[in-house]
Amino acid sequence: MKERIEELRRLINQYNIEYHSLDKPTVSDAEYDKLMRELIGLEEEFPQYMDSNSPTQRVGGAILDEFTKVQHKRKMMSLGNVFNKEELFAWAKRITDEVGLVEFCAECKIDGLAMSIEYRNGQFVQAVTRGDGEVGEDVTLNVKTIKSIPMNIPYKEEVEIRGEVYMPKASFESLNELRRAKDEQEFANPRNAAAGSIRQLDSSVAASRKLNAFWYHVPDGETYDLSTHYESLMWIKDMGFVVNENTTLFTRIEDVWDFIERMTIERNNLPYEIDGIVIKVNDFSIQDRLGYTVKVPKWAIAYKFPAEEAVTLLEDIFITVGRTGKATPNAKLTPVRLAGTTVAAATLHNEDMILQKDVRIGDMVIIHKAGDIIPEVIGSVVEKRDGSQIPYIFPTTCPDCGMPLHRFTDEAAHYCVNSNCPARIVNSIAHFASRDAMNIDGLGEKKVEQFHKAGWLNKVDDIFKLESHRDDILALDKFGLKSYDNLIEAVENCKSNPLDKLLFGLGIRQVGAKASRILANHFKTMDALINAKVEELVTIDDIGDITADAIVTYFSEDATIRLIDNLKDSGVNMNQGSDTVIESCFTGKVIVLTGSLQRFSRSEAQEYLEKHGATVTGSVSKKTDLVIYGEAAGSKLEKANTLGIEIMSEDEFMKIIEGEVSND
Ligand code: IVH
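A quick note: this is a predicted structure, and the numbers were derived from the prediction, not measured.

What counts and what doesn't
- Throughout this description, residue numbers start from 1 for each chain and increase along the sequence as written.
- Selection of residues for local features in this predicted model requires a pLDDT of at least 70, selection of side-chain atom pairs for listing and counting requires 80 or more, and totals for whole chains, interfaces and linings are taken over all residues.
- Only hydrogens and water are set aside when side-chain values are computed; all heavy atoms of the structure are taken into account.
- The pairing criterion for strands is at least two bridges between them, as found by DSSP.
- In DSSP terms, a helix is any run of H or I states spanning at least four residues, a strand is any run of E spanning at least two, and both are numbered starting from the N terminus.
- Any two residues whose heavy atoms approach within 4.5 Å at even a single point are treated as in contact.
- Every angle, taken between N-to-C directions, lies between 0 and 180 degrees, and every axis is a line fitted to C-alpha atoms, over only the stretch in contact when it is a helix.
- By convention in this text, a residue qualifies as near a molecule or strand provided that one of its non-hydrogen atoms is within 4 Å of it.
- The definition of a polar contact used here is a pair of N or O atoms within 3.5 Å, where within protein one atom must be able to donate a hydrogen and the other to accept one, and adjacent residues in sequence count solely through side-chain atom pairs.
- Shrake-Rupley sampling with a 1.4 Å probe provides the accessible areas, and residues are treated as covered by the protein chains on show and by no other component.
- Residues are grouped as follows: Ala, Val, Leu, Ile, Met, Phe, Trp, Tyr, Cys and Pro are nonpolar; Asp, Glu, Lys and Arg are charged; all remaining types, including Gly, are polar.
- Under the scheme applied here, a residue whose accessible area is under 20% of the maximum for its type counts as buried, over 50% as exposed, and between as partly exposed, the area being computed with a 1.4 Å probe on protein chains only.
- For each structure, a 1 Å grid was placed over the protein atoms alone; sets of points admitting a 1.4 Å probe that cannot get out are labelled cavities, open sets with protein on both sides within 12 Å along at least five of seven lines are labelled pockets, and lining residues have an atom within 4 Å of a point.
- Grid points are joined across faces, edges and corners, and a volume is the space filled by probe spheres set on the points.
- Two rings from Phe, Tyr or Trp (for Trp, the six-membered ring) form a pair when their centres sit within 6.5 Å of each other. Planes less than 30 degrees apart are called stacked, planes more than 60 degrees apart edge-to-face, and all others tilted.
- Here, a charge over a ring is recorded when the distance from Lys NZ or Arg CZ to the ring centre is within 6 Å and its angle to the ring normal is within 35 degrees.
- The length a helix should cover is 1.5 Å for every residue beyond the first.
- Only buried residues count toward a nonpolar core. Its members are Ala, Val, Leu, Ile, Met, Phe, Trp, Tyr and Cys residues joined through side-chain atoms within 4.5 Å.

Quick look at the sheet that holds strand S3 (residues 104–110)
Strand-to-strand pairing in sheets goes through backbone hydrogen bonds, with the strands running parallel or antiparallel.
For step 1, the next point in the chain: Pairing is mixed across the open sheet formed by five strands, whose spatial order is S2-S11-S10-S3-S9. Since the sheet does not close on itself, it has two edges, and those belong to strand S2 (81–82) and strand S9 (248–250), each with one partner.
For step 2, the next point in the chain: Bridge analysis of S2 against strand S11 (residues 300–304) gives two bridges, and the strand direction is parallel. Paired with Val82 across the bridge in S11 is Tyr303.
For step 3, the next point in the chain: Taken strand by strand, helix H8 (residues 229–238) contacts S3, S9 and strand S10 (274–281), and its axis lies near 55° from that of S3.

Put into structure tokens, the structure is as follows:
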């Protein structure tokens, strides 16, 4: 009977590997169940042949009081991080400077929890969490329930294998669905769910959680006669361990970067979460030469995908007053990395939002950044409260001018209604000078504020009188002759900007950069627009009632006409030249720009595309023909990918532009 029991165990183990690791089952579920039932029956009948590694023992059931602490034989290190191309290339350069050219192995950074498993005599004996790297917890019973992990391997000496236990996206979704139905708190993400499952004292709960694992590291690989990391992965793969299928060797770091860019998109289609790409020097002897710092290996690095959500401390709330007088509450945050940048402030939108989300000063808050939009606070982590948090009371006066803040009925926003409020003046002048408007280099918010305080800038048209304050400006601390000359030249140059830039700069309510272009292209001259009636305006595509009203109201004010006259007198251009379209591969296409472009501003790229006959829109839909993406591109790129829309990296876009220039 012992023979039959062993035969059944061997068969079931083999079918487990075929099904869970190789994704190639060779028997039906019914046949598998039949063998399993037979084995359970025999083990009950002949308890003397029981084995803790029998496939029947993988359904869990044992309940522990606590996890035993286990000292790792070899420290479980973490990895150093890089967040962009420059940092990755700098890491690679440090390596090649030290040891010459190397081969890199790039692999997915699985977002789960690190695990060390040990085999003796070809038998699975123990699974230990990473813990603090020195001491972890014995979670053998729970890890045993992961069906893709072999319980028996052909290698008979002692061997430790490391990898990541994770929860597949599908298991995570169905687990949370179940928890919702039971009114239980949902898990925030698959990693937390996997960690929570592995820390279950009742192994049948862990078994129900449908975890899985990838294996990516054999410590002291040389002891098994292996000479490269990739060889070690193939070795364990042959023994039945699941090795991630995206693992690839490269000799050039440029190609590693291409792989990272590809995986940044591809990760959305993977059935498990990855939070980056790990790059390892392949050759063990070179790994040894490079060695370790106190904390991390020097021969490996983790490139982290830009996180789109982060948790940090909300230290305070402060109000900023915009050019329209709108008073926006903002969170002052303990700086945190988010979507590729460091974020120290985020918008809280308005008073209602703070109340609805119950955000308090001193809260740990979740912040979110979608694409290129400014970061916002999406909520507090209520569990982290310790009683010291203070609810925010919206101020009744403007922090800049001290005049009352007013909240109109039906509006969520507060406004400073003082049209002489310095914050309003400074912001409207800074907006006029900003890159997408009149593009006056050297006249940013700080300078405008300084000049306003000195009394030289009170209205937009004062910009063109700055020359009369030459000596005073030059007397300012840190304002050299060169900066002054550059500023005056930028002011002079902006006078010839096309009408749409001027319109946008004026900051007419409801009229953004796009509407400004539409209006300028339609009316061609400022005077024609000033005289336009609502009836005519609403016939223009994309100009609705509200915008039309706002335009007519704006031009009906005396102050506006005075301002325009002054600008005319200063020599500011009031016309839109007729644009002739340059035929190119972009002509006639609907294009979306996303992510942060490194070599041009968003508006420069848009201008280029529009000159070449493309329509640039803000959101990806079925009508989109092409998405051009820069660094840290997020949901728009994902959507393009899901809809099967053509995508183009900034590098490829550059090549086309350069090609065109050199063809000229
Ligand atoms: S290698 C000495 N490879 O990322 C080598 N780690 O931030 C140590 N991780 O603690 C790890 N996928 O939990 C390695 N393909 C991969 C990985 C990976 C995920 C985790 C691991 C590690 C953490 C470091």
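Alright, that's what it looks like, and here's the rest.
Things to note about the site of the ligand
For step 1, the next point in the chain: Taken together, 13 residues sit near the ligand, with Glu107, Cys108, Ile110, Glu164 and Lys280 positioned nearest.
For step 2, the next point in the chain: Here Glu164 contributes a side-chain N or O atom positioned 2.7 Å from an oxygen atom of the ligand.
For step 3, the next point in the chain: Side-chain polar atom of Lys280 to a nitrogen atom of the ligand: 3.0 Å apart, as the coordinates give it.
For step 4, the next point in the chain: Protein coverage of the free-state accessible area of the ligand, which is 530 Å², stands at 90%.
For step 5, the next point in the chain: Element by element, the count of residues in the shell around the ligand is highest for S3, at four residues.
For step 6, the next point in the chain: Counted by class, the shell around the ligand contains nine nonpolar, no polar and four charged residues.

Some remarks on helix H22 (residues 602–611)
For step 1, the next point in the chain: Those residues of H22 that fall on the buried side of the exposure criterion are Ser603, Ala605, Gln606, Tyr608 and Leu609.
For step 2, the next point in the chain: Looking one or two residues beyond H22, the residue adopting positive phi is Gly613, at roughly 85°.

Here's the deal with the layout of surface pockets
For step 1, the next point in the chain: Empty space within the second largest pocket amounts to approximately 1,000 Å³.
For step 2, the next point in the chain: The wall of the second largest pocket is formed by 26 residues, among which Arg424, Ser428, Leu506, Tyr554 and Glu557 lie closest to the centre.
For step 3, the next point in the chain: Residue assignment for the lining of the second largest pocket shows that the elements contributing at least two residues are helix H12 (422–433), helix H16 (499–506), helix H20 (545–556) and helix H21 (558–569).
For step 4, the next point in the chain: Broken down by element, the residue count for the lining of the second largest pocket peaks at five residues, all from H21.
For step 5, the next point in the chain: Of the residues contributing to the lining of the second largest pocket, the split by class is eight nonpolar, 11 polar and seven charged.

Describing the packing of aromatic side chains
For step 1, the next point in the chain: Inspection of every chain in the model, using the stated rule, returns 25 aromatic pairs.
For step 2, the next point in the chain: Here Tyr155 and Tyr224 contribute two aromatic rings whose centre-to-centre distance is 5.6 Å and whose plane-to-plane angle is 80°, an arrangement assigned as edge-to-face. Of the two residues, Tyr155 is situated in the loop between helix H4 (140–144) and strand S7 (159–166) and Tyr224 in the loop between strand S8 (212–217) and H8; the sequence distance between them amounts to 69 residues.
For step 3, the next point in the chain: Residue classification places Tyr224 among the buried residues on the basis of a relative accessible area of 13%.
For step 4, the next point in the chain: Look at Phe214 and Tyr272: their rings are 4.9 Å apart centre to centre, the planes differ by 70°, and that puts the pair in the edge-to-face class. Within this pair, whereas Phe214 is found in strand S8, its partner Tyr272 is found in the loop between helix H9 (253–266) and S10, the two being separated by 58 residues in sequence.
For step 5, the next point in the chain: The exposure class of Tyr272 is buried, given its relative accessible area of 3%.
For step 6, the next point in the chain: Following the ring pairs from residue to residue traces out a cluster consisting of Tyr119, Phe124, Trp215 and Phe241.
For step 7, the next point in the chain: A cation over an aromatic ring shows up here: Arg337 above the ring of Phe83, its NZ or CZ 4.1 Å from the ring centre.

Description of the sheet that holds strand S4 (residues 113–120)
For step 1, the next point in the chain: Strand order in the open sheet made by the four strands is S5-S4-S7-S8, with antiparallel pairing throughout. Among the strands making up the open sheet, the edge pair consists of strand S5 (123–129) and S8. Direction aside, neighbouring strands of the sheet carry axes that sit 35° apart on average.
For step 2, the next point in the chain: Inspection of the sheet shows S7 paired to S8 by five bridges, in the antiparallel sense. Pairing of Tyr166 across the sheet is with Asn212, part of S8.
For step 3, the next point in the chain: Its contacts with the sheet put H8 on S7 and S8, and the angle it makes with S8 is roughly 140°.

Focus: helix H1 (residues 2–21)
For step 1, the next point in the chain: Under the 1.5 Å per step criterion, the end-to-end length of H1 is 27 Å for 20 residues, consistent within 8% with the ideal 28 Å.
For step 2, the next point in the chain: Among the residues of H1, those classed as buried are Ile5, Leu8, Arg9, Leu11, Ile12, Asn13, Tyr15, Asn16, Ile17, Glu18 and Ser21.
For step 3, the next point in the chain: Buried residues belonging to H1 abut helix H2 (29–45).

A short note on empty space enclosed by the protein
For step 1, the next point in the chain: Within the structure shown, the criterion is met by one cavity of 30 Å³ or more.
For step 2, the next point in the chain: Its volume calculated, the largest cavity comes out at about 50 Å³.
For step 3, the next point in the chain: Taken together, Glu107, Cys108, Ile110, Phe214, Trp215, Tyr216, Leu233, Val243, Asn244 and Thr247 make up the lining of the largest cavity.
For step 4, the next point in the chain: Elements with a minimum of two residues in the lining of the largest cavity: S3 and S8.
For step 5, the next point in the chain: Residues of the lining of the largest cavity, tallied by class, amount to seven nonpolar, two polar and one charged.

Brief notes about unusual backbone geometry
For step 1, the next point in the chain: The phi angle at Asn121 is positive, at roughly 55°, despite the residue not being glycine.
For step 2, the next point in the chain: Within the element layout of this structure, Asn121 appears in the loop between S4 and S5.
For step 3, the next point in the chain: Phi at Gln510 is positive, roughly 75°, even though this residue is not glycine.
For step 4, the next point in the chain: Within the secondary structure, Gln510 is located in the loop between H16 and helix H17 (513–523).

Let's talk about the environment of Lys639
For step 1, the next point in the chain: Along the chain, Lys639 falls in helix H23 (residues 635–643).
For step 2, the next point in the chain: With a relative accessible area of 41%, Lys639 lands in the partly exposed category.

A short note on the side chain of Gln576
For step 1, the next point in the chain: As for its placement among the helices and strands, Gln576 is situated in the loop between H21 and strand S21 (590–594).
For step 2, the next point in the chain: We classify Gln576 as buried; its relative accessible area is 8%.
For step 3, the next point in the chain: Polar contacts involving the side chain of Gln576 include one to the main-chain amide nitrogen of Leu499, which spans 2.9 Å.
For step 4, the next point in the chain: Polar side-chain contacts of Gln576 include one of 3.0 Å to the side chain of Asp500.
For step 5, the next point in the chain: The residues touching Gln576, leaving out its near neighbours within four places in the chain, are Pro498, Leu499, Asp500, Ala520, Asn521 and Lys524.

Observations concerning the nonpolar core
For step 1, the next point in the chain: In terms of nonpolar packing, the biggest core is built from 50 residues, with Ile440, Leu502, Leu503, Leu506, Leu519 and Leu537 touching the most fellow members.
For step 2, the next point in the chain: Elements with a minimum of two residues in this core: H12, helix H13 (445–453), helix H15 (481–494), H16, H17, helix H18 (526–530), H20 and H21.
For step 3, the next point in the chain: Setting aside its immediate chain neighbours within four residues, Ile440 contacts Ala433, Ile463, Leu487, Ala490, Val491 and Cys494.
For step 4, the next point in the chain: Residues Phe67, Trp215, Tyr224 and Phe241 belong to the second largest nonpolar core, which totals 36 residues.

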